[in-house]
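Given next are the chains, with one letter for each unit.
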Amino acid sequence: MKISNKNYLDQLNDRQSEAITHLDGPCLIVAGAGSGKTRVLTSRVVEIIKKKKAWPNQILCVTFTNKAAREMQNRIAGYLDEKILSLPWLGTFHSVSAKLLRRHAEAVGLNSRFTIIDQEDQLRLIKNICKAENIDVKKISPQFVLSFINQWKNKGLLPKNVVAKKIPLEKAILNVYKFYQERLKILNSCDFGDLILLCVNMFENNSDILDLYLNNFKYILVDEYQDSNFIQSKWLNLLAKKHNNICCVGDDDQSIYSWRGAEIKNFLDFSKIYKDTKVIKLEQNYRSTQNILSAASGLIANNNDRLGKKLWTDSKEGELVKLSCYKNGKEEAVGISDTIEQSLKKKYSLNKISILVRAIFQTREFEERFLKIGMGYRVIGGTKFYERAEVKDSLSFLRIVYQKNDDLAFERIINVPKRAIGDSTIKQLHDWGRKNKKSLEDSALELIQLNKIKPKTKLGLVKILNLFNKWRSDLKEKKHYELMEIILDESGYSKMLKEKKDLESEGRLENLKELIRGMHDFDNLQSFLEHVALATSIDQDWNGEKINLMTMHAAKGLEFDVVFLPGWEEGLFPHQKSLEEKGDLALEEERRLAYVGLTRAKKESFISFVMSRMYRGDWVESIASRFIEELPEKNVKRNELREQNVEDFIFNQDIDYDQGVRSPGWARLQKKKLKRIK
DNA sequence: AATGCAGCCATTTTT
DNA sequence: TGGCTGCATT
């Protein structure tokens, strides 16, 4: 959608116009699903620039996802009709923070070439620490430690700020956290949480740096504010202090990331923190039909904890929301694919049809079905391109070449392909590095010098270390994508894959070609590595007629003509595990997720559930999700209840939700689990 | 050090 | 169900 230069302010409704008129001072925009939120946000930016209230580089514009950032960038450029124009400070919290940190890395004890590590690397680092500290990973799982560390970081707590409870467990975890942070510094690396946290610390401890940006950022705009966590809001508050021109957009009903530390409180308390906040509610929905909107509104009305909006629409009633019950997951996939084949295909482009699931593993059944009948599909999310083993391996070579303290990269590829460097040697390096506060590469060099490595291993090690140095000098003369080819060749990595000669290895080689192709889009190694670290997924190809498969989380911000919502069963949706962890709070979040899913649909939506589902190799009997009963009856059409008595079986069971009893099958699964633990 | 097998565990969502 | 870890063998 491109709106021409002249009338970008036209066609705005009164509320939207108000949001664009009121540029100065704090402003909170409560924007319901499909109410033109992005439109308003981007128009605001254009207004600021057109009215010469600030230069493009004086506007800070933060989003939650890369996708959203890109979208905004494109729209703004479109409105201004200047393709060259870009906002240097438009990006995700993480990318903007990374940019700030690289400029002032020394202020936080890093070198500006620092590596940004992902969750996998985080976990490896924690595992290494546990090993070194003789922590029994069966008692304290690294996963568990990681979740603590990330939560602490979301709350802005470095080890010294954590007040450990008396529970020994928490003390032990805190201890790991301390080592973890220490080690990160030595590795010249930081994790996602650090990007924000270190930025805040930098501002707090260096008023000169803060002043620089306080003066520069005249206007601040924030998208999806309901998803921000404590430290992110602190980050914003610091930067907004001087000009006080901060505008946050969000929707409390679409807050679905509390498990990642998002605090809806930030959004609800905005007016308390900023005096004289202008609050604007966008309640007209431009996306969905009357029926879909009413169904979604009826559902979300079951939540207590909300600001309360009344979404309305001018559009037609449209089709009823269709509800189906299937025998099992396979039947569900067949039923849905049949529906698409028999009727929807004629009316809609496959690109505009989407299947939204609660958990990513649910896509499998659909993939199998679509492969069988030869229907095109794409999975959005799931294992991402940059997370594939071969891609991560290749990137690790680049990382260690670029930043020699990157132990995690070092460890990943030091023995790939095999170079006679086994576990015991790596342990030797670790121990040395830990004792002397050195990186693995430096440790290796020192140990070789001291002749403490076995001859055969030494041979392999020296060879690869020399290669590292050779590649480092190559980097000075050659393009980064040329270097990648050289590395894959000289390291023997390509050869290793070629010799395997199976279908999988062929695919891997293809992926590496794709990787090199992708590298051409970047000016240098630094910007490529930054992209890889923060973007994680390569741009989806939206070419070709394909059905979209993704989780409801991944669908936030998207819209489709037709949306299928399978798997509405107790235990799966709402998900048992989330309810176990947080009870009613989680239930409300699950309900918001349902709301997000349903409001993605413009024209038609199909909800379904099954009577039994294959889960972890077991058949579990299920009952319909409580959310189904919460849908207003007048907006729903029940069809295809394929077996007799299904209705009685599914709907009329007396369930005491408070007791935690859900689907009988899921309860049994739970029992089985408990038995095994005993 | 490399390979192969058996048993174990988990699966919600992601910048 | 399948991916991963740890252990035993070569």
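Read on for an overview of the structure. Computed from a predicted structure; not experimentally measured.

## Structural notes on empty space enclosed by the protein
Item 1. The full count for this structure, using the stated rule, is three cavities of 30 Å³ or more.
Item 2. Of the voids in this model, the largest cavity is the one considered here, and its volume is about 300 Å³.
Item 3. Along its surface, the largest cavity is lined by 22 residues, and Ile 116, Arg 399, Leu 529, Val 532 and Ala 533 are the ones closest to its centre.
Item 4. Listed by contribution, the elements that provide at least two residues to the lining of the largest cavity are strand 4 (115-117), helix 16 (389-402) and helix 24 (525-535).
Item 5. The biggest single contributor to the lining of the largest cavity is helix 24, with five residues.

## A word on the side chain of Ser 35
Item 1. In this fold, Ser 35 is placed in the loop between strand 1 (27-31) and helix 2 (37-50).
Item 2. We classify Ser 35 as buried; its relative accessible area is 1%.

## Side note on the sheet that holds strand 8 (residues 278-282)
Item 1. With parallel pairing, six strands are arranged side by side in an open sheet as 3-2-6-7-1-8. A strand with exactly one partner marks an edge of an open sheet, and here the two such strands are strand 3 (90-92) and strand 8. Taken pair by pair, the neighbouring strands of this sheet meet at an average axis angle of 15 degrees, ignoring direction.
Item 2. Relative to strand 6 (residues 219-222), strand 2 (residues 59-63) runs parallel, the two sharing four bridges. In the sheet register, Val 62 faces strand 6, and the bridge partner there is Val 222.
Item 3. Packing against the sheet, helix 1 (residues 14-21) makes contact with strand 1 and strand 8, and its axis sits at approximately 150 degrees to strand 8.
Item 4. Those strands touched by helix 4 (residues 93-103) are strand 2, strand 3 and strand 6, and its axis lies near 110 degrees from that of strand 3.

## Looking at the pattern of salt bridges
Item 1. Inspection of every chain in the model, using the stated rule, returns 52 salt bridges.
Item 2. Measuring nitrogen to oxygen at the nearest pair gives 3.3 Å for the salt bridge that ties Glu 604 to Lys 347. Of this pair, Glu 604 sits in strand 14 (residues 601-615) while Lys 347 sits in helix 14 (residues 329-347), placing them 257 residues apart in sequence.
Item 3. Notably, a salt bridge pairs Arg 591 with Glu 630, separated by 2.7 Å at the nearest N-O pair. Taken together, the positions of Arg 591 in helix 26 (residues 576-598) and Glu 630 in helix 27 (residues 626-630) put the pair 39 residues apart, joining distant regions of the chain. Of the two residues, Arg 591 and Glu 630, both sit in the buried class.

Definitions and limits used
Every chain is numbered independently, its residues counted from 1 as its sequence is written. Throughout, the order in which chains and ligands are written sets their labels, letters from A for the former and numbers from 1 for the latter. Restriction of local features to residues with pLDDT of at least 70 applies here, the model being predicted, together with a cutoff of 80 or more for giving and counting side-chain atom pairs; totals for whole chains, interfaces and linings are based on all residues. Excluded from the side-chain calculations are hydrogens and water; all other atoms, namely the structure's heavy atoms, are used. Grid points spaced at 1 Å and placed over the protein atoms alone form the basis of the search, with a cavity being a set where a 1.4 Å probe fits but cannot get out and a pocket an open set showing protein on both sides within 12 Å along at least five of seven lines. Lining residues have an atom within 4 Å of a point. Grid points are joined across faces, edges and corners, and a volume is the space filled by probe spheres set on the points. Runs of E in the DSSP output that reach at least two residues are strands. Runs of H or I that reach at least four are helices, and both are numbered from the N terminus. Exposed residues in this analysis have more than 50% of their type's maximum accessible area, buried residues have under 20%, and partly exposed residues fall in between, with area computed by a 1.4 Å probe over protein chains only. Here, any two strands with at least 2 DSSP bridges between them count as paired. Helix axes use the C-alpha atoms of the stretch in contact, all axes being lines fitted to C-alpha atoms, and the angles between their N-to-C directions lie in the range 0 to 180 degrees. What makes two residues a contact is simply this: any of their non-hydrogen atoms within 4.5 Å. Should a side-chain nitrogen of Lys or Arg be within 4 Å of a carboxyl oxygen of Asp or Glu, the pair is scored as a salt bridge.

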